[in-house]
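# Close look at the chain arrangement
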There are 2 protein chains.
Amino acid sequence: MQSTSHSCPRTACSGCSLRKLCLPVDLSDEDTGRLDALTSLKRPVQRGDYLFRRGEDFRSLFAIRTGFFKTQVLHKDGREQVTGFQMSGEIIGLDAISSDVHACDAVALEDGEICEIPFDRLEALSREVPGLQRHLHKLMSREIVRDHNIMMLLGSMRAEERLAAFLLNLSQRFGARGHSPTALYLRMTRQEIGNYLGLKLETVSRTLSQFQEHGLLNVRLREVEIMDMLRLRSFVGGT
Amino acid sequence: MQSTSHSCPRTACSGCSLRKLCLPVDLSDEDTGRLDALTSLKRPVQRGDYLFRRGEDFRSLFAIRTGFFKTQVLHKDGREQVTGFQMSGEIIGLDAISSDVHACDAVALEDGEICEIPFDRLEALSREVPGLQRHLHKLMSREIVRDHNIMMLLGSMRAEERLAAFLLNLSQRFGARGHSPTALYLRMTRQEIGNYLGLKLETVSRTLSQFQEHGLLNVRLREVEIMDMLRLRSFVGGT
DNA sequence: AAATGGGTTTGATATAGGTCAAATTCCATG
DNA sequence: CATGGAATTTGACCTATATCAAACCCATTT
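Residues numbered from 1 in each chain as written. Chains lettered and ligands numbered in written order. Predicted model: local features only at pLDDT ≥ 70, side-chain atom pairs only at ≥ 80, totals over all residues.

## A look at the overall build of chain A
Looking only at helices and strands, one finds 8 helices and 9 strands in chain A. Here the C-alpha atoms of chain A give a radius of gyration of 19 Å, agreeing with the 18 Å that 2.2 N^0.38 yields for 239 residues. Taken over the C-alpha atoms alone, chain A extends approximately 55 × 45 × 35 Å along its principal axes. Taking all 239 residues of chain A together, the buried fraction comes to 39%. By sequence separation, contacts in chain A at least 24 residues apart represent 69% of the contacts at least 6 residues apart. (Helix = DSSP H or I, 4+ residues; strand = E, 2+ residues; numbered from the N terminus. Rg over C-alpha atoms; globule rule 2.2 N^0.38 Å. Buried ≥ 20, exposed ≤ 12 C-beta atoms within 10 Å, placed from the backbone. Contact = placed C-beta atoms within 7 Å.)

Pasting the structure below:
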């Protein structure tokens, strides 16, 4: 009835509910076993924990089972740029492959559990399992596309558009995980939102208030309810 | 004395001067032959040509032998974000792997020659040649790191800092290719620089003029001479 | 040599968002 | 339940960059 290991659950990849998000590959029984072996390192993390810091040696990717994270790069004068917010089923650490050293910090914004994937073993297995190889490539490419969209956002959108795009993105991702796409709980501060969107926290706050005045949202601290999805969408336009 | 094929030179990968930049992998003779077979598709391109457009099916990556390119994503209201400027030895098209459809436009800013690499065959070969696999992963990861740095630039740097970072980056890349790191010829318009840096063309122009007044640069249209590299570096600070 | 047109520079003015500061709310902890 | 600190909101003011407009430069064509 109970797990045999209380501190480090060994839920295998094959039985993981996030399988479709994380590593959605059709495998033979044998390959499934090998993937399970590769991803058996589970670990709980607490709010505030660093998964890794910039400059540390790269060994593993991290798949998020539960929890919410941010990745950020710091300028030496203290300015920080949040490069992304990650949630369950998403994978952190791809930027470190290029140099075998982590290029950013990854911080937990709430308690959760991660699954550590030794990269050299993932590479080895993906040489033998074309579906896994293909998936890994798509994962990295998707990150590139995501980054290009953020460049578009930062380079040529106004504050309202940035915030609308941000909320719609969260809504879509929460929705895809079976949560409400309209009642969002933000796990990050206004400051962190600002550091992601290239805005100051006051501007984030003001813009949220303004959306509320116009009946687009109900905002109460970190609870955001999207009241008018269509009008919110009309702000961002799209590519 | 003469090339056997005047319109479509078949210079193999193994004899290509860009080998170190493009696919720097140690291979056996047999593998070298297979890589050569894979990259035998060379093609000249003219200024203004599109390598591909957003929405087109993805088949191949493109390695730049000579020439200069920009990639951009368009917002439907006409705003455009340049996601990068690419030069010899660099590879375009990684963003299309995620969906098998190109996510941006790639445009030649001067005449050049590209080398087309069918992606499914590259994947197949990289399954058998670990060094090639590793290199491909590093290539994609490096693009992610590059994008994160641009996010930092767009999200939290002032116009002067952005432009200084841009010029230093060009300088470094030209230098690495054996050209002068101080006498740069820009192949793009002020408008295109602005669309990359999230600035209007007037701001780009004014900032260049201002750098010139302060003795950092000599600017004459698209000729830029860096006069004070150190002081230019002090603008950007670094991560 | 004049005309055309794209790219660039420069000036005057407007504005979105930043900065600084104060008041308020919300937790966490004793 | 009181206290202190962090996060948030809101206001007043400021500034970096955008906008609009004109002049200029250079390359190319006629």
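Past the structure itself, the notes keep going.
## A look at the packing of helix α5 (residues 159-176) of chain A against helix α7 (residues 201-213) of chain A
Residue and element names in this part refer to chain A. Close contact between α5 and α7 brings their axes to 10 Å; oriented N to C, the two are set at 80°. In terms of orientation, α5 lies roughly perpendicular with respect to α7. Contacts between α5 and α7 involve A159, E160 and L163 from the former and T203, V204, T207 and L208 from the latter. (Axes fitted to C-alpha atoms, helices over the stretch in contact; angles between N-to-C directions. Parallel < 35°, antiparallel > 145°, perpendicular 65-115°, else oblique.)

## Here we look at the packing of α5(A) against helix α8 (residues 229-236) of chain A
Residue and element names in this part refer to chain A. The geometry of α5 relative to α8 is characterised by a closest axis approach of 8 Å and an angle of 125° between their N-to-C directions. The orientation of α5 with respect to α8, classified from their angle, is oblique. Crossing geometry of α5 relative to α8 is assigned as left-handed. Across the interface between the two elements, E160, E161, A164, A165, L167 and L168 from α5 touch L232, R233, F235 and V236 from α8. Taken together, the residues of the contact of α5 with α8 sort by class into 7 nonpolar, no polar and 3 charged. (Left-handed = near helix turned anticlockwise from the far one by under 90°. Nonpolar A, V, L, I, M, F, W, Y, C, P; charged D, E, K, R; others polar.)

## A few points about the relation of the copies chain B and chain A
Under the fitted operation, chain B is carried onto chain A by 0.0 Å of movement along the axis and a turn of 180°, and the coordinates agree to an RMSD of 0.0 Å. On the angle and the small slide along the axis, the relation comes out as a two-fold axis. Scanning chain B for the C-alpha nearest the rotation axis identifies B:R127, at a separation of 2.2 Å. Both copies contact each other with a shared surface, as 100% of the interface residues of chain B are interface residues in chain A too. (Least-squares fit on C-alpha atoms with pLDDT ≥ 70 in both.)

## Focus: the nonpolar core
Formed by 125 residues in total, the largest nonpolar core has its most connected members in A:L51, A:A63, B:L51, B:F62 and B:A63. Those residues in contact with A:L51 that sit more than four places away from it in its chain are A:V45, A:F62, A:F69, A:I92, A:A106, A:A108 and A:I114. (Core = buried A, V, L, I, M, F, W, Y, C linked by C-beta atoms within 7 Å.)

## Side note on the environment of A:G112
All names here are of chain A. Structurally, the position occupied by G112 is in strand β6 (residues 105-118). Classification of G112 by C-beta neighbours within 10 Å gives buried; the count is 20. Taking the C-alpha atoms as reference points, G112 and T66, separated by 46 residues in sequence, lie 4.7 Å from one another. Once you skip the residues sitting within four places of it in the chain, G112 turns out to touch V45, I64, R65, T66, G67 and F68.

## A closer look at the protein's contact with DNA strand C
Near DNA strand C you find 19 residues, and of these A:T203, B:T189, B:R190, B:S205 and B:S209 are the closest. Secondary structure elements with two or more residues in the surface near DNA strand C: α7 of chain A together with α6 (190-197) and α7 (201-213) of chain B. Broken down by element, the residue count for the surface near DNA strand C peaks at 6 residues, all from α7(B). Its residues assigned to classes, the surface near DNA strand C shows 7 nonpolar, 5 polar and 7 charged. (Near = placed C-beta within 6 Å.)

## Let's talk about the environment of B:L232
All names here are of chain B. Residue placement: L232 occurs in helix α8 (residues 229-236). Taking the C-alpha atoms as reference points, L232 and E202, 30 residues apart in sequence, are found 20 Å from one another. Discounting chain neighbours no more than four positions away, the residues touching L232 are A164, L167, L168, L216 and I226.

## Here we look at the protein's contact with DNA strand D
The local shell around DNA strand D holds 18 residues, among which A:T189, A:S205, A:S209, B:R158 and B:T203 are the closest. Taken together, the elements giving at least two residues each to the surface near DNA strand D come down to α6 (190-197) and α7 of chain A together with α7 of chain B. Residues of the surface near DNA strand D, tallied by class, amount to 6 nonpolar, 5 polar and 7 charged.

## Section: the sheet that holds strand β9 (residues 223-226) of chain B
Residues and elements named next belong to chain B. Strands sit in the order β7-β9-β8 across an open sheet of 3 strands; the sheet is antiparallel. Strand pairing shows two members of the sheet lacking a second neighbour, β7 (183-185) and β8 (217-220), which therefore form its edges. Between one strand axis and the next, the sheet turns by 15° as a mean value, whatever way the strands run. (Pairing = 2+ DSSP bridges.)

## With respect to the domain arrangement of chain A
All names here are of chain A. The domain architecture assigned to chain A consists of domain 1 (13-153) and domain 2 (157-236). Every contact between the two is made by 12 residues of domain 1 and, on the other side, 10 residues of domain 2. Elements represented by at least two residues in the side of domain 1 that touches domain 2 include exactly β3 (60-74), β4 (80-87) and β6. Per-element accounting of the side of domain 1 that touches domain 2 gives the leading share, 5 residues, to β4. (Domains from an automatic or database assignment.)

## So, the interface of chain B and chain A
Across the contact, 39 residues belong to chain B and 39 residues belong to chain A. When residues of the side of chain B that touches chain A are traced back to their parent elements, those giving at least two are β3 (60-74), β4 (80-86), α3 (119-128) and α4 (130-156) of chain B. The element best represented in the side of chain B that touches chain A is α4(B), accounting for 19 residues. Here the side of chain B that touches chain A is composed, by residue class, of 14 nonpolar, 14 polar and 11 charged.

## Some words on the sheet that holds strand β8 (residues 217-220) of chain A
Residues and elements named next belong to chain A. Sheet architecture is open: 3 strands sit in the order β7-β9-β8, paired in antiparallel fashion. At either margin of the open sheet sits one strand with a lone partner, and together these are β7 (183-185) and β8. Across the sheet, the mean angle from the axis of one strand to that of its neighbour is 15°, orientation sign disregarded. Judged from the 3 bridges that link them, β7 and strand β9 (residues 223-226) form a sheet pairing that is antiparallel. Residue pairing across strands places Y185 opposite E223, the latter belonging to β9.

## As for α6(B)
One turn of an α-helix holds 3.6 residues; hence residues three or four places apart share an orientation. Counting buried residues along α6(B), 6 of its 8 residues qualify, which places the element largely inside the surrounding structure. A positive backbone phi angle near 70° is found at B:G198, which sits one or two residues after α6(B).

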